[in-house]
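Residue-level structure breakdown
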Amino acid sequence: MMRKVLFAALFLTVGAFYERSGRSQTAPTVQAEPTVRIGLNPNASTVNIRSSAAFTVQQNRTRMAKFSTVLALDAASTNRVLSRADLDYRMLVELDAGKVLVLPSKTKVRIEPTGTPIEIENRTYRGAIEVFGNSRNSFTVVNDLPLEEYLLGVVPNELSPGTYGQLEALKAQAVAARTYVLRNMGQYKSEGYDICATDACQVYFGAGTEDPLASRAVTETHAVIATYDDKPINALYSSTCGGRTENAENIFDERVPYLVSTICEYKHPQPLPFSSSRSFPDWKDAVLTVAGVSNYTEARRFMSIAGQGEPPSAETGALATFIRESFYPTVQTTSDLSFITEQGILSADGSLPAREVLFRLIEKKGAFEWQQGVLIFWDGQTMKLLVNGQPKEFKLSPDAPIYQRIGDERLALRQGSWIGGELMEFRAVDDAIQMLVYRINFANPAADRYSRLALWQVHKTRQELEAAFKPLSIGLLQDMRVIERGPSQRPVSTEVVGSTGRRTVRALRLRTLLGLRDSLFSFDIERNSPGEIIGMTFYGMALDGATYEEILKKYYKGIELKKIY
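The structure reproduced in this document is the subject of the present report. Given the structure is predicted, the values throughout are model-derived calculations rather than measurements.

Turning our attention to the pairing of strand 18 (residues 402-406). The two faces of a sheet get side chains in turn, since along a regular strand they alternate between them. Here strand 18 lies mainly inside the structure; four of its five residues are buried. Strand direction decides the pairing type here: strand 18 and strand 19 (residues 409-413), joined by five bridges, are antiparallel. Pairing of Ile-406 across the sheet is with Glu-409, part of strand 19. As paired strands, strand 18 and strand 22 (residues 432-439) are joined by three bridges and run parallel to one another. Following the sheet pairing, Ile-402 is matched in strand 22 by Leu-436.

This is how it looks when you write it as structure tokens:
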């Protein structure tokens, strides 16, 4: 049986903590629970606020408020050339029953909580909401609420309870998030709030994303933070660890005593083998075989479409008419060939083989009914997959064709092994999987893997690489090589070579230039026959985890956990 992952994501989330920077400052000792001002949007052109319960805007009761800016001009400003100094922006607030308020642009409109969450742009929030104009002639939207309530909307978004439903991992995330915000409180004071709502600080999506298990983690660690020398640590963390964390000085050029490289593992789960009794080199052949489709009559039966018979002719126009009448009988068109070609089923020159056309019909009609899930259990016969956030068990048919997907390629496998966390695409009938395609990368902003395999992969075209490296002023990209890796195997310094020069780039800047989700990566360079770079693929990595206090004390060296209010 595959060992059930314990706390896998959070020790990794905490583990590579050097990826997320914050202002280095010391938070004061806290005697009572503080409130936090979160900048939900620092540059909103309009703001729409709703609630099922009436709230107050400038002494007016309403259930909706729409904020926008208007340009006001003095009557004396007409018929003359104006300067920017003559422009006067005002705040326009539309309320229920057609009421309209016109206020000075810098007015701070505060909406107090009513016991019912307030909705802003399809997200709901606890606490108070403030809207005020800023120097950019747009609006800043702030959510003001107690720290513990704020964490309810952070923890499930930094660590997905649906993917990693382990309480201890979520508790460690709660402590790290609480510590981070206390240490960095007031980071955006000049903008009118304490901390932002994105991954530049901590991801906060409000009340609508709260989760019972994550909320329990917040409650059971109430007021607990991580300290060093009796001060809150700068609890930096990221979504992935990759086997070993990095020394802070190799990322931020600043030594921090509790941010030192450490291994991200306690035990490795044992990969469990899988096998299949049949294999098709071309995955499209596998789809047709599993569907039982070798002609158009069988295709209609598979799609539950009435009728039978084969095309009277292989001539492109006649075939297009047959396909349109058989599989799209309700479509009215002046040209069957144009319609079927636009659907991507036939080519205009009629060069596609029959099996390719049949495959395209099944694909375009969605008839194969692919499902998606994340592997969380496998014992050689039964697999448990997380499907739409819910665990579900399936039997894997012994003859199910199995493919590993790498980029756009699907590699047929007779045997192999899984370790957990793989993203599966599959067809199942009566909870029996008939065909399966898996990927070793797993895209989720709060998720991590407990495998030595790749967590994520990103492909960059030559054009994208040239744009990314343009600030380096090295001409046309010719090569890239790692000069030095740190203890975590992150590329501490990398040389990028161009036609007019070469530059050595530090880890954090390289990650920023390339727009990668972590600074721990390896890469493959793709070249054409003359040896020119035509693209690069970047791969991230991750490993497995531990428990609540151990998680925090393992990755933040020398810390103490303290209750501060």
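Structure's up, so let's keep going.
This structure, assessed with the given rule, holds one cavity of 30 Å³ or more. Considering only enclosed or pocket space, the largest cavity measures out at about 50 Å³ in volume. Lining the largest cavity, in full, are Thr-69, Tyr-89, Ser-105, Gly-133, Asn-134, Asn-137 and Ser-138. Its residues placed into classes, the lining of the largest cavity shows one nonpolar, six polar and no charged.

For any two helices packed against each other, the geometry is given by the interaxial angle and the distance between the axes. Running from N to C, helix 7 (residues 283-291) and helix 11 (residues 354-364) cross one another at 70 degrees; their axes reach a closest spacing of 10 Å. Between helix 7 and helix 11, the interaxial angle falls into the category roughly perpendicular. The segment helix 7 lies against helix 11, with Trp-283, Lys-284, Asp-285, Val-287, Leu-288, Thr-289 and Ala-291 engaging Arg-355, Glu-356, Leu-358, Phe-359 and Ile-362. A breakdown of the residues in the contact of helix 7 with helix 11 according to their chemical character gives seven nonpolar, one polar and four charged.

This brings us to the sheet that holds strand 2 (residues 47-57). Judged by pairing direction, the sheet is antiparallel, and its six strands sit side by side in the order 5-4-3-2-7-8 without closing on themselves. Edge strands, defined here as strands with exactly one partner in the open sheet, are strand 5 (100-104) and strand 8 (123-125). Averaged over neighbouring strand pairs, the angle between their axes works out to 25 degrees when direction is ignored. Across five bridges, strand 4 (residues 88-94) lies against strand 5 in antiparallel orientation. By the bridge assignment, Met-91 is partnered in strand 5 with Leu-103.

Turning our eyes to something else, we now look at the sheet that holds strand 29 (residues 560-563). Taken together, three strands build an open sheet; the order of strands is 13-12-29 and the sheet is antiparallel. At either margin of the open sheet sits one strand with a lone partner, and together these are strand 13 (231-232) and strand 29.

Further remarks concern helix 9 (residues 316-327). The terminal C-alpha atoms of helix 9 lie 16 Å apart, and with twelve residues this matches the ideal 16 Å at 1.5 Å per residue to within 8%. Within the span of helix 9, buried status applies to Thr-316, Leu-319, Ala-320, Phe-322, Ile-323, Arg-324, Ser-326 and Phe-327. Among the structural elements, helix 8 (296-302), helix 10 (336-342) and helix 11 are those in contact with the buried residues of helix 9. The opening residue of helix 9, the one whose side-chain oxygen lies 3.0 Å from the backbone nitrogen of Gly-317, is Glu-315.

Let's shift gears to the nonpolar core. Ile-49, Phe-67, Ile-129 and Tyr-150 are the most contacted members of the largest nonpolar core, which totals 52 residues. Broken down by element, the residue count for this core peaks at eight residues, all from helix 4 (residues 167-183). With 32 residues, the next largest nonpolar core counts Leu-288, Phe-327, Leu-361 and Tyr-403 among its residues.

The next subject is unusual backbone geometry. Even without being a glycine, Asn-122 presents a positive backbone phi close to 70 degrees. Topologically, Asn-122 is positioned in the loop between strand 7 (118-120) and strand 8. Backbone geometry places Asn-137, a non-glycine residue, at a positive phi of 60 degrees. Looking at the element boundaries, Asn-137 is found in the loop between strand 9 (128-133) and strand 10 (139-146). Overall, the relative accessible area of 41% leaves Asn-137 in the partly exposed class.

So, about the pattern of salt bridges. A complete count under the given rule lists 23 salt bridges for this structure. One salt bridge connects Glu-130 with Arg-37, and the closest N-O pair in it is separated by 2.7 Å. With a gap of 93 residues between them, Glu-130 in strand 9 and Arg-37 in strand 1 (residues 35-44) connect regions that are remote in the sequence. An identical accessibility class is assigned to Glu-130 and Arg-37; each is buried. Residue Glu-220 is joined to Lys-171 by a salt bridge in which the shortest nitrogen-to-oxygen separation is 3.5 Å. Taken together, the positions of Glu-220 in helix 5 (residues 212-220) and Lys-171 in helix 4 put the pair 49 residues apart, joining distant regions of the chain. Residue class for Glu-220 comes out partly exposed when judged on its relative accessible area of 41%. Overlapping salt bridges bring together Arg-37, Arg-110, Glu-112, Glu-130 and Asp-144 as one network.

About the thresholds
Residues numbered from 1 in each chain as written. Predicted model: local features only at pLDDT ≥ 70, side-chain atom pairs only at ≥ 80, totals over all residues. Heavy atoms only, no water. Buried < 20%, exposed > 50% of the residue type's maximum accessible area, 1.4 Å probe, protein only. Helix = DSSP H or I, 4+ residues; strand = E, 2+ residues; numbered from the N terminus. Pairing = 2+ DSSP bridges. 1 Å grid on protein atoms, 1.4 Å probe; cavity = no way out; pocket = protein on both sides within 12 Å on 5 of 7 lines; lining within 4 Å. Points joined across faces, edges and corners; volume = space filled by probe spheres on them. Nonpolar A, V, L, I, M, F, W, Y, C, P; charged D, E, K, R; others polar. Axes fitted to C-alpha atoms, helices over the stretch in contact; angles between N-to-C directions. Parallel < 35°, antiparallel > 145°, perpendicular 65-115°, else oblique. Contact = heavy atoms within 4.5 Å. Expected span 1.5 Å × (residues − 1). Polar contact = N/O pair within 3.5 Å; in protein donor to acceptor, adjacent residues only side chain to side chain. Core = buried A, V, L, I, M, F, W, Y, C linked by side-chain atoms within 4.5 Å. Salt bridge = Lys/Arg side-chain N within 4 Å of Asp/Glu carboxyl O.

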